[in-house]
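Here is how the chains run, residue by residue.
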Amino acid sequence: MALPCVSRLQALRLSSRTPLFRCLCRSSSHQAADVKAIDEIDIPRKKTWDKTAVLQALAYTVNHDPTSAAYIFQDDPFLLPKSYIDCNIFSMSKESGKNAAKYILNMYPNLFQNDIAEPHIPCLMPEDTQTLIEGVSEEALNERIKLRRVKESVEMYDNLLQSGTTPSLETTNRLLDLLCFYGDRDPLSSEQKLEDEEREENGNETNKKKGDSRNTPALPTWRENNNAERIFSLMPERNAHSYRTMIRGMVKHGAFAKAFSMYTDLLNNRLTGDVYTFNALIMAAPHVKKEIKAKSTLILDMLHHMVQQKVQPNILTFNAALKSLQKIGRVMKSVALRTYTEMKALNIEPSLATYTHLLGVFYSYGDATGQAQILSEILEETAGKSFTAQDPDDVYFFLDAMKICVEAKDLELAYKVHALQTTEENWKLLGKHIMQITYYDRLFNIICLMESFDAVMKWYRELVPSRLYPSIGGFVNLLRVLEMENRLDLLPQIWKDVKLVGHNNKVVLVEEFLNLMVKDKMESQLQAAFADVTVDMKSTFDTRDQLKHLLKVHALGNMAILLSRDGRLEEAWNILKTFKEKNLVPRLAVIEELLDSAKATGRTSAAIDLVQLAVSFSLPNTAEIAQRVLDEFTVSEEQRIALQDLTNSSSSSSSSSSDSDRE
């Protein structure tokens, strides 16, 4: 805030009122008192800065550049993706390169013994995966557990039992932790991880098509009588940690009924669960019961058990409860709201996943009103707040919220969602880059549907291509805005952007452009630009076969019209040849546009060729076309006779066809 303008004397008087200024202006007789006052000053301790504090401060000085690519692609300018497909290829290639580097680093650590990093960075050096302790001993077992060698750890445990040595309870619990976490198999290699991720993504796409939730549980992989169950049954003594580990492992790998059976054994042994055990059981509750009421009752029972066992819930507990209620359906709205109220009463701040699951509970196919109402209340409560990642499902909130805004066609609500997303560092919770593109695509679509032309173009310049590679639907919505505002002069520039993102070979988009460009005759300069766009579209389809098989008759006719308006009769004529090859009949408007172009350029021979073409197509208005050529063009006597012959032949063929129709 700017201070009012004052003179230097006034500033001096004002500043002299402060204790510090009076201390500096005192006479020498008060020096002893000054020393005492200085001794009483409480000097603050040295502030400890984060290691990246300087980088964070510099980052706030840099504004967003809407003309550059996304920050995750700032690697090699030559490799910057220029389309949606290139973006996916770039992301997968980058991740594949990281996995390949990790594989080489961990498989051949002997090649990376020379550590020249200063300072030493342990996470960049290969892991020490070689076992140093030989023989059968508990120390060797602990070493293999630490190295996450599942099979070797199980073999070492069995060898210890055969030798008559029983491992300690702590060591056996660590082995159970390893088995339950990895599902009784060795950790996946980089290649297996990529295959599982691809399988998971394909499964998510299938679930979306079927209308299922994204939170579909993993397929059961908990084998009967596996090593975890076998070792658990062989343990001479078990504590609460043993039961808790088994319960969480069973839930993670799909054995939900067994998890509740194990929880019963836990209670029978007068033991209690911890917060993570109850979180897992709450997540498993909807998969154990069949009836809706039984499912919700089981979830509430688990919460009551936490109270009885004096287990303090955390944010993941309530998120798990809301997520399970979401799986049950909309009938759980009142229960979900009570759960949220209880969460606030315990002073547990919600995360974005909390609101995501609340929106899911209120979801109803084809009716976004209920979700929009609860979303409006959520945004009022969260306005201006900064969130951090606390739950894996936090990344779905902004995506789901913007989807609700699009379905409800609520622009004001969409702006509020975007304002929350841009608050401080909330943008980090948008998820993967593909999810960010989807979010901005939904935002841009609702802006195109609801905003003014100036606002649409402002957002378009800000988002493309730095944050968004528009989809085909996004470009179609933008073209409709241009049509309503009669700003067809921007079509050539938009077509360049379409080429940039790789949509220039999409037939739907090409036909939409052609329909707009052929709508009205423009000034010569813009008409020439339209013709250039048409030629570019034509060259996109490599061969004439693609041109005549992919594009519809109406689109081909529009191409011929646009080229003829710019005086490019030869190119327009080549397009008409595709009509003949496909045995298709062009519209009369196409022939008339070509005649206008031939008249403007004084090409009588081209006009006569058009009449011959009309005769070959058996157009019903061939006689009128020939008469127009005779009236508006300067023809020779031979050409006049030829035109009359064409007129007579066309009239006789039309009369014969009409007679056959009557018969």
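None of these values were measured; they are calculated from a predicted model. (Residues numbered from 1 in each chain as written. Predicted model: local features only at pLDDT ≥ 70, side-chain atom pairs only at ≥ 80, totals over all residues. Heavy atoms only, no water.)

Looking at the overall build of the chain
Assigned secondary structure in the chain consists of 33 helices and zero strands. When each of the 663 residues of the chain is scored for burial, the buried share is 40%. Here the contacts in the chain between residues at least 6 apart in sequence split such that 67% fall between residues at least 24 apart. (Helix = DSSP H or I, 4+ residues; strand = E, 2+ residues; numbered from the N terminus. Buried < 20%, exposed > 50% of the residue type's maximum accessible area, 1.4 Å probe, protein only. Contact = heavy atoms within 4.5 Å.)

Quick look at the side chain of Asn279
Looking at the secondary structure, you find Asn279 in helix H13 (residues 275-284). Not counting residues up to four positions away in its chain, the partners in contact with Asn279 are Asn314, Leu316, Thr317 and Ala320.

Some points on helix H19 (residues 397-408)
For H19, which comprises 12 residues, the first-to-last C-alpha distance of 16 Å matches the rise-based estimate of 16 Å (1.5 Å per residue) to within 8%. When H19 is considered as a whole, its buried residues turn out to be Phe397, Phe398, Leu399, Asp400, Ala401, Met402, Ile404 and Cys405. Looking at the packing, one finds that the buried side of H19 touches helix H17 (352-361), helix H18 (369-382), helix H20 (411-421) and helix H21 (433-450). Backbone geometry just downstream of H19 places Lys409 in the positive-phi region, at approximately 55 degrees. (Expected span 1.5 Å × (residues − 1).)

Considering the packing of aromatic side chains
Each aromatic ring pair is described using two quantities: the centre-to-centre distance and the angle formed by the ring planes. Within this structure, the stated rule accounts for 12 aromatic pairs. Stacked on the ring of Phe232, the Lys or Arg Arg238 has its end atom at 4.6 Å from the ring centre. Directly above the ring of Trp459 sits Lys458, whose terminal nitrogen or CZ lies 5.3 Å from the centroid. (Phe/Tyr/Trp six-rings, centres within 6.5 Å; stacked < 30°, edge-to-face > 60°. Lys NZ or Arg CZ within 6 Å of the ring centre and 35° of its normal.)

Here's the deal with the packing of helix H31 (residues 604-617) against helix H32 (residues 622-632)
Interaxial distance between H31 and H32 falls to 9 Å at its minimum, and their mutual angle equals 170 degrees. Classified by the interaxial angle, the pair formed by H31 and H32 is roughly antiparallel. Residue-level contacts link Ala607, Val611, Ala614 and Val615 of H31 to Thr622, Ile625, Ala626 and Val629 of H32. (Axes fitted to C-alpha atoms, helices over the stretch in contact; angles between N-to-C directions. Parallel < 35°, antiparallel > 145°, perpendicular 65-115°, else oblique.)

Points about the side chain of Asn226
Along the polypeptide, Asn226 turns up in the loop between helix H9 (190-210) and helix H10 (227-234). Here Arg223 takes part through its backbone oxygen, which lies 3.3 Å from a polar atom of the side chain of Asn226. (Polar contact = N/O pair within 3.5 Å; in protein donor to acceptor, adjacent residues only side chain to side chain.)

Details of the pattern of salt bridges
Summed over all chains, the structure comprises 17 salt bridges. With a shortest N-O distance of 2.9 Å, Lys258 and Glu229 are connected by a salt bridge. Of this pair, Lys258 sits in helix H12 (residues 256-268) while Glu229 sits in helix H10, and the two are 29 residues apart along the sequence. Assessed through its relative accessible area of 25%, Lys258 is described here as partly exposed. One salt bridge connects Lys416 with Glu412, and the closest N-O pair in it is separated by 4.0 Å. Of this pair, Lys416 and Glu412 are both found in helix H20, four residues apart, which corresponds to roughly one turn of the helix. According to the relative accessible area criterion, Lys416 is partly exposed, its value standing at 36%. Taking the relative accessible area as the measure of exposure, Glu412 reaches 54% and is therefore exposed. One salt-bridge network, in which partners are shared between bridges, spans Glu143, Arg144, Arg149 and Glu152. (Salt bridge = Lys/Arg side-chain N within 4 Å of Asp/Glu carboxyl O.)

Looking at a nonpolar patch on the surface
Taken together, Tyr103, Ile104, Met107, Tyr108, Leu111 and Phe112 make up a surface patch of nonpolar side chains, about 580 Å² in accessible area. Positionally, Phe112 belongs in the loop between helix H5 (84-107) and helix H6 (138-146). Note on Phe112: relative accessible area 32%, which makes it partly exposed. (Patch = residues over 30% accessible without salt bridge, like charges linked within 9 Å, V, L, I, M, F, W, Y side chains within 5 Å. Areas by Shrake-Rupley, 256 points an atom, 1.4 Å probe, with all protein chains shown as cover.)

Quick notes on the nonpolar core
Among the nonpolar cores identified, the biggest contains 161 residues, and Leu375, Phe397 and Phe513 are the most heavily contacted of them. For this core, the element with the most residues is H21, which contributes nine residues. Once residues lying within four places of it in the same chain are set aside, the contact partners of Leu375 are Leu359, Phe397, Ala401, Ile404, Cys405, Leu413 and Val417. (Core = buried A, V, L, I, M, F, W, Y, C linked by side-chain atoms within 4.5 Å.)

What about unusual backbone geometry?
Cis geometry marks the peptide bond from Val464 to Pro465; its omega dihedral reads 0 degrees. Structurally, the position occupied by Pro465 is in the loop between helix H22 (453-463) and helix H23 (472-484). Unusually for a residue other than glycine, Lys310 sits at a positive phi of about 55 degrees. Here Lys310 is to be found in the loop between helix H14 (292-308) and helix H15 (315-328). Taking the relative accessible area as the measure of exposure, Lys310 reaches 77% and is therefore exposed. Positive phi outside glycine occurs at Asn486, with the angle close to 55 degrees. You can see Asn486 is positioned in the loop between H23 and helix H24 (491-500). On the basis of relative accessible area, Asn486 is assigned to the exposed category, the value being 54%.

With respect to H24
When H24 is considered as a whole, its buried residues turn out to be Leu491, Pro492, Ile494, Trp495, Asp497 and Val498. One or two residues past the end of H24 sits Gly502, with phi positive at roughly 85 degrees.

A word on the packing of H17 against H18
Two numbers describe how H17 lies on H18: the axes approach to 9 Å, and their chain directions differ by 160 degrees. Classified by the interaxial angle, the pair formed by H17 and H18 is roughly antiparallel. Note that H17 runs across H18; the crossing there is right-handed. Facing Tyr355, Leu359 and Gly360 of H17, the residues of H18 in contact are Gln371, Ile374, Leu375, Ile378, Glu381 and Thr382. Of the residues that constitute the contact of H17 with H18, the class distribution is five nonpolar, three polar and one charged. (Left-handed = near helix turned anticlockwise from the far one by under 90°. Nonpolar A, V, L, I, M, F, W, Y, C, P; charged D, E, K, R; others polar.)

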